[in-house]
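Chain residues, written in single-letter form:
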Amino acid sequence: MAAMTSSARPILNRRLAEFGTTIFAEMSALALSTGSINLGQGFPDTDGPEEIREAAVRALRDGRGNQYPPGPGIPELRTAIAAHQERRYGLTHDPDTEVLVTAGATEAIAAALLALLEPGDEVIALEPYYDSYAACIAMAGGTRVPVTLRPSERSFRLDLDELRDAVTDRTRLLLINTPHNPTGTVLTREELTAIAELAVERDLLVVTDEVYEHLVFDEAEHIPLATFPGMRERTVTIGSAGKSFSFTGWKVGWVTAAPALVSAVRSAKQFLTYVASGPFQYAVAEALTLPDTYFTAFREDMRAKRDLLSAGLAQAGFEVFRTAGTYFITTDIRPLGESDGFAFCRALPERAGVVAIPNAVFYDHREAGAPFVRFAFCKQTEVLEEAVKRLRSL
């Protein structure tokens, strides 16, 4: 039976009208139909540590988490998150009032924006931005204001003057992502200091997406924005087990913040999933206690894969931007005689048997992202080697 419609209104909420099927679904389907290597969607093709997977199995067998876990998350995981933040960054949190477990970082972002925004509030986000940012701002009734990271000396940099100029009397919140997906930029101490000073000066809330905190390379350093003066009480920090331990399907993320902010985010979160990932929460609690050697080996493995794919892309003719963090590489296709990232990515599976993502989907200013294409290197070494071999055909 056909759905009833009104000539005056479309079926879909107007706030979501601009958001169709995600580019990730389109390109992953294209990879499947053409038998291409999928370097588009950012998920590993191997599982994380075996002992953590076994911890999830133990929890299932022992009946821990098979029923609804506590709304804020199990105490063991909240305690482990607080200990992780203190051990690595010197940030102390009360596990009972300042930590909230979510259904992945995506829910954490959605719940934070739904909780903290009202219709008409402006949100400044660093462009290009992860696609859920725009949709979540729209669902909350906010207005997104992009500040564009621009290419400079083989990386993408933030113009601090442009950021300051973007703030108006309607600005409620800064949405900051570092390490940054898709560009691989890691904001410097100087940039973060300026952001913190601006937030304090203009009394802004800040949501920081730090899910790639353990994937920073070379001389780059991840510094949580909450560690800067005046930021502890105004910053919602988001983390992810999927990105840090390569179990993206478990959907375990978290928020750390001052009690009032966590209470606000929890008020929205309880009406989204309520709770999720019960047995996996116990496993992630164990994962967060892994020794530093795990995180070092994880980072070094990804660094080697970054270098392998970067070199192969350069040999294939791409201009390759330096990845200081995350597991993504942004390239410029203009040296190949191309300028339309959408057309290039849709043709690439037939041309070379590889799938990538056009960065323009992450921009409001589509023309600014038109020639850039993103590749993911969180894949097995032999898969990357085969992808490099195929890309030489370009």
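As recorded by an unreviewed UniProt entry, the protein carries the name Probable N-succinyldiaminopimelate aminotransferase DapC and is attributed to Streptomyces montanus. As its UniProt record puts it under Subcellular location (unreviewed entry), the protein is described as follows: "Cytoplasm". Listed under Pathway (unreviewed entry) in UniProt, the entry text for the protein is "Amino-acid biosynthesis; L-lysine biosynthesis via DAP pathway; LL-2,6-diaminopimelate from (S)-tetrahydrodipicolinate (succinylase route): step 2/3."

Participant: Is there a simple way to think about unusual backbone geometry in this case?
Facilitator: For residues that are not glycine, phi is negative in most cases, and the peptide bond is trans in most cases. For the bond from glutamate 127 to proline 128, the omega torsion is 5 degrees, close enough to zero to count as cis. Here proline 128 is to be found in the loop between strand E3 (122-127) and helix H5 (131-139). The omega angle of the peptide bond from threonine 178 to proline 179 is -10 degrees, so this bond is cis rather than trans. Position of proline 179 among the secondary structure elements: in the loop between strand E7 (171-177) and helix H7 (189-202). Even without being glycine, aspartate 203 reaches a positive phi, approximately 55 degrees. Accessibility expressed as a relative area gives 59% for aspartate 203, which makes it exposed. Of note, aspartate 218 is a non-glycine position whose phi angle comes to about 60 degrees, a positive value.

Participant: Please clarify how the UniProt feature "domain: Aminotransferase class I/classII large" (unreviewed entry) in the protein should be interpreted in this entry.
Facilitator: Here, UniProt's "domain: Aminotransferase class I/classII large" (unreviewed entry) annotation points to residues 37-391. Across residues 37-391 one finds 42% helix and 17% strand; the C-alpha atoms that close the span lie 11 Å apart.

Participant: Is there a simple way to think about the packing of helix H3 (residues 75-89) against helix H10 (residues 278-287) in this case?
Facilitator: Each pair of packed helices can be summarised by the angle the axes make with each other and by the distance between the axes. Where H3 meets H10, the axes come as close as 8 Å, and the angle between the chain directions of the two elements is 30 degrees. With respect to their mutual orientation, H3 and H10 come out roughly parallel. The handedness of the crossing between H3 and H10 is left-handed. Contacts from Glu76, Leu77 and Ala80 in H3 reach Gln281, Tyr282, Val284 and Ala285 in H10. Tallied by class, the residues present in the contact of H3 with H10 amount to five nonpolar, one polar and one charged.

Participant: Where do I start with the sheet that holds E7 in this structure?
Facilitator: The pairing of strands in a sheet comes from backbone hydrogen bonds and takes either a parallel or an antiparallel form. Overall, mixed pairing links the seven strands, which are arranged E2-E10-E9-E8-E7-E3-E4 in an open sheet. The open sheet has two edge strands, strand E2 (99-102) and strand E4 (143-148), and neither has a second partner. Averaged over all neighbouring strand pairs, the angle between strand axes comes to 20 degrees, with direction disregarded. Examined bridge by bridge, strand E8 (residues 205-209) and strand E9 (residues 235-240) share four bridges and lie parallel to one another. Bridge pairing links valine 207 to valine 236 in E9.

Participant: Sorry, what's going on with the layout of surface pockets here?
Facilitator: Empty pockets left among the atoms are what a rolling probe the size of a water molecule brings to light. Roughly 520 Å³ of internal volume is contained in the largest pocket. Looking at the largest pocket, it is lined by 26 residues, and the ones nearest its centre are Gly42, Thr106, Tyr130, Lys243 and Lys251. Secondary structure elements with two or more residues in the lining of the largest pocket: helix H4 (104-116), H5 and helix H8 (241-245). Counting residues per element, the lining of the largest pocket draws most heavily on H4, at four residues. The residue inventory of the lining of the largest pocket, partitioned by class, reads 11 nonpolar, 10 polar and five charged. Two domains share the lining of the largest pocket, each providing at least three of its residues, namely domain 1 (14-43 + 293-392) and domain 2 (50-288). The calculated volume of the second largest pocket comes to roughly 420 Å³. Along its surface, the second largest pocket is lined by 20 residues, and Glu18, Phe19, Asp131, Val361 and Arg366 are the ones closest to its centre. Secondary structure elements with two or more residues in the lining of the second largest pocket: helix H1 (23-34), H5 and helix H12 (341-352). With four residues, the single largest contributor to the lining of the second largest pocket is H5.

Participant: Looking at this structure, I do not really get the packing of aromatic side chains. What am I missing?
Facilitator: Each aromatic ring pair is specified by the distance between its two centres and by the angle formed by the two planes. Under the definition given, this model contains 19 aromatic pairs. With a centroid separation of 6.4 Å and 50 degrees between ring planes, the pair formed by phenylalanine 217 and phenylalanine 377 is classed as tilted. Highlighted residues: phenylalanine 217 in the loop between E8 and E9 and phenylalanine 377 in the loop between strand E15 (372-376) and helix H14 (381-391), separated in sequence by 160 residues. As far as the burial class goes, phenylalanine 217 and phenylalanine 377 line up, both buried. Aromatic pair phenylalanine 318 and phenylalanine 375: ring centres 5.5 Å apart, planes at 85 degrees, arrangement edge-to-face. Note that phenylalanine 318 is positioned in the loop between helix H11 (292-316) and strand E11 (319-320) and phenylalanine 375 in strand E15, a separation of 57 residues in sequence. Phenylalanine 375 gets classed as buried once you look at its relative accessible area, which sits at 0%. An aromatic cluster is built from Phe245, Tyr294, Phe295 and Phe298, whose rings are joined through pairwise contacts. The lysine or arginine in question, lysine 379, covers the ring of phenylalanine 43, its NZ or CZ lying 4.2 Å from the ring centre.

Rules of the game
- Residues numbered from 1 in each chain as written.
- Predicted model: local features only at pLDDT ≥ 70, side-chain atom pairs only at ≥ 80, totals over all residues.
- Heavy atoms only, no water.
- UniProt positions renumbered as here; feature names shortened; annotations may be inferred.
- Helix = DSSP H or I, 4+ residues; strand = E, 2+ residues; numbered from the N terminus.
- Buried < 20%, exposed > 50% of the residue type's maximum accessible area, 1.4 Å probe, protein only.
- Axes fitted to C-alpha atoms, helices over the stretch in contact; angles between N-to-C directions.
- Parallel < 35°, antiparallel > 145°, perpendicular 65-115°, else oblique.
- Left-handed = near helix turned anticlockwise from the far one by under 90°.
- Contact = heavy atoms within 4.5 Å.
- Nonpolar A, V, L, I, M, F, W, Y, C, P; charged D, E, K, R; others polar.
- Pairing = 2+ DSSP bridges.
- 1 Å grid on protein atoms, 1.4 Å probe; cavity = no way out; pocket = protein on both sides within 12 Å on 5 of 7 lines; lining within 4 Å.
- Points joined across faces, edges and corners; volume = space filled by probe spheres on them.
- Domains from an automatic or database assignment.
- Phe/Tyr/Trp six-rings, centres within 6.5 Å; stacked < 30°, edge-to-face > 60°.
- Lys NZ or Arg CZ within 6 Å of the ring centre and 35° of its normal.

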